[in-house]
Amino acid sequence: MVTVLRIHHLALQKAEPGTMPSVDRALLFQQIRGEEILRGFSDRLSKYRTVEHLPGAAMRLVQFQFSNDDGGVRVGVEQREGLGVVDLKAFDASMPSTMIEFLEMGHKGMECAQRALSSGQCIVARSEVRLLPPVLTPQKVVCVGMNYRDHCLEQNAPIPKEPIIFSKFSSCITGPYDNITLPDESQEVDWEVELAFVIGRRGKHIKEEDAMSFVAGFTVANDVTARDWQMKRNGKQWLLGKTFDSFCPLGPALVTSDAVNDPHMLGIRCLVNGATVQDSNTDQMIFRTEKLVAWVSQFVTLSPGDVFLTGTPPGVGVFRNPPVFLKKGDVVECQIDQVGAIRNTVV
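We now turn to the structure provided with this report. Here the structure is a predicted model, which means the values were calculated and not measured.

Points about the pattern of salt bridges
Okay, so step 1: Using the criterion set out here, one finds 15 salt bridges in the structure.
Okay, so step 2: Between R60 and E78 there is a salt bridge, with the nearest N and O atoms lying 2.7 Å from each other. Pair noted here: R60 is in strand β1 (residues 60-66) and E78 is in strand β2 (residues 74-78), with a separation of 18 residues, a long-range link.
Okay, so step 3: The exposure class assigned to R60 is buried, which follows from its relative accessible area of 11%.
Okay, so step 4: One salt-bridge network, held together by shared partners, links K168, D190, E192, D223, R227 and K242.

Below, the structure is given as structure tokens:
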């Protein structure tokens, strides 16, 4: 159709006033047929690219323990959010026990998980498992500051011209339903709901157009923050205020990229004691997933299991009037459409 319009436009430009344009029908047919061939080739190539970066179906990958077992980490696949979990090691004894080892297997691991999910076997009832963070000990927890336009507006801050990168220690990661512990050293602990993604394969100097092939999937994070340590102490370096124990609830699942229609068009919310305090959309992101992967991989090699926290929308406690901070007994729930929800009690 585009070709037809383009040829008619050129013909109109060359036609005499008051006359109808003539179009070379052979040329028109060749142009249309050429576009059909290219479009078909592009569609086939797109399918091959999809297989290249992930071997297929939408899955919700989890790490879990049996409820009566404090050890023994396992990798599984949720049947659907909140339903039973397929135990991959029970399905295939060669499967590893941690998500990072699973991701390092690449296509072989993903294909086994798909077979296990399709088999209907080795299902553990949800009541018999305790969900852990999807990734326990990543090499890196990469965080992005000031990455939502509406969050910049709420604090009258300029829109960043390049990603603002900081980090949390991996020891602060905790489970999707575990407690958040208020440290004695801070009186200003705040919430930050964030979309997180996990790297699926090793890479350096990754191009933006290739970046999604390095992303295993998405999960929900709460970038819990001690504002006094972030904004007033430690030379205003953010690290210590971000990295107290339990300051990164993560989960409930690693949702593969195929299961998310568009990671930059998702509703994102945080509730404290049932009241909505943050309510936005990931379309407010300034630097999206592809840009962040390409940017950070200029400086460091990305490895399977590395976690990226992509920033938070407006509504955090520190910018309220008066400021509001978490206290013992509060329940914080972070929700992202198509990804899931985590719920943590403050103790």
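Here's the deal with a nonpolar patch on the surface
Okay, so step 1: A cluster of nonpolar residues, F169, L239 and L240, forms a patch on the protein surface that exposes about 240 Å² of accessible area.
Okay, so step 2: Assignment of secondary structure puts L240 in helix α8 (residues 239-242).
Okay, so step 3: The class of L240 is partly exposed, set by a relative accessible area of 35%.

Overview of the environment of F66
Okay, so step 1: Relative to the helices and strands, F66 resides in strand β1.
Okay, so step 2: Through-space distance from the C-alpha of F66 to that of V124 is 8.9 Å; in sequence the pair is 58 residues apart.

A short note on unusual backbone geometry
Okay, so step 1: Omega for the bond connecting G251 with P252 falls within 30 degrees of zero, at -5°, which places this linkage in the cis form.
Okay, so step 2: Its place among the elements puts P252 in strand β13 (residues 248-256).
Okay, so step 3: Of the consecutive residues N321 and P322, the connecting peptide bond is found in the cis state with omega at 0°.
Okay, so step 4: Its location among the elements puts P322 in the loop between β16 (307-309) and β17 (331-336).
Okay, so step 5: For C122, which is not glycine, the phi torsion reads 55° and is therefore positive.

A closer look at the pairing of strand β15 (residues 275-281)
Okay, so step 1: Judged from the 6 bridges that link them, strand β14 (residues 267-272) and β15 form a sheet pairing that is antiparallel. Its bridge partner being in β15, C270 is matched across the sheet by Q278.
Okay, so step 2: Two successive antiparallel strands, β14 and β15, enclose a turn made up of 2 residues, where N273 displays a positive phi of approximately 55°.

Re the side chain of D178
Okay, so step 1: Relative to the elements of secondary structure, D178 occurs in the loop between β8 (173-174) and β9 (189-190).
Okay, so step 2: By relative accessible area, D178 is classed as buried at 18%.
Okay, so step 3: A polar contact is formed between the side chain of D178 and the side chain of R130, at a distance of 3.3 Å.
Okay, so step 4: Side-chain polar atoms of D178 contact the side chain of T174, separated by 3.3 Å.
Okay, so step 5: Sequence-distant contacts of D178, defined by excluding residues within four places in its chain, comprise R130, N344 and T345.

Rules and cut-offs
- Residues numbered from 1 in each chain as written.
- Predicted model: local features only at pLDDT ≥ 70, side-chain atom pairs only at ≥ 80, totals over all residues.
- Heavy atoms only, no water.
- Salt bridge = Lys/Arg side-chain N within 4 Å of Asp/Glu carboxyl O.
- Helix = DSSP H or I, 4+ residues; strand = E, 2+ residues; numbered from the N terminus.
- Buried < 20%, exposed > 50% of the residue type's maximum accessible area, 1.4 Å probe, protein only.
- Patch = residues over 30% accessible without salt bridge, like charges linked within 9 Å, V, L, I, M, F, W, Y side chains within 5 Å.
- Areas by Shrake-Rupley, 256 points an atom, 1.4 Å probe, with all protein chains shown as cover.
- Pairing = 2+ DSSP bridges.
- Polar contact = N/O pair within 3.5 Å; in protein donor to acceptor, adjacent residues only side chain to side chain.
- Contact = heavy atoms within 4.5 Å.

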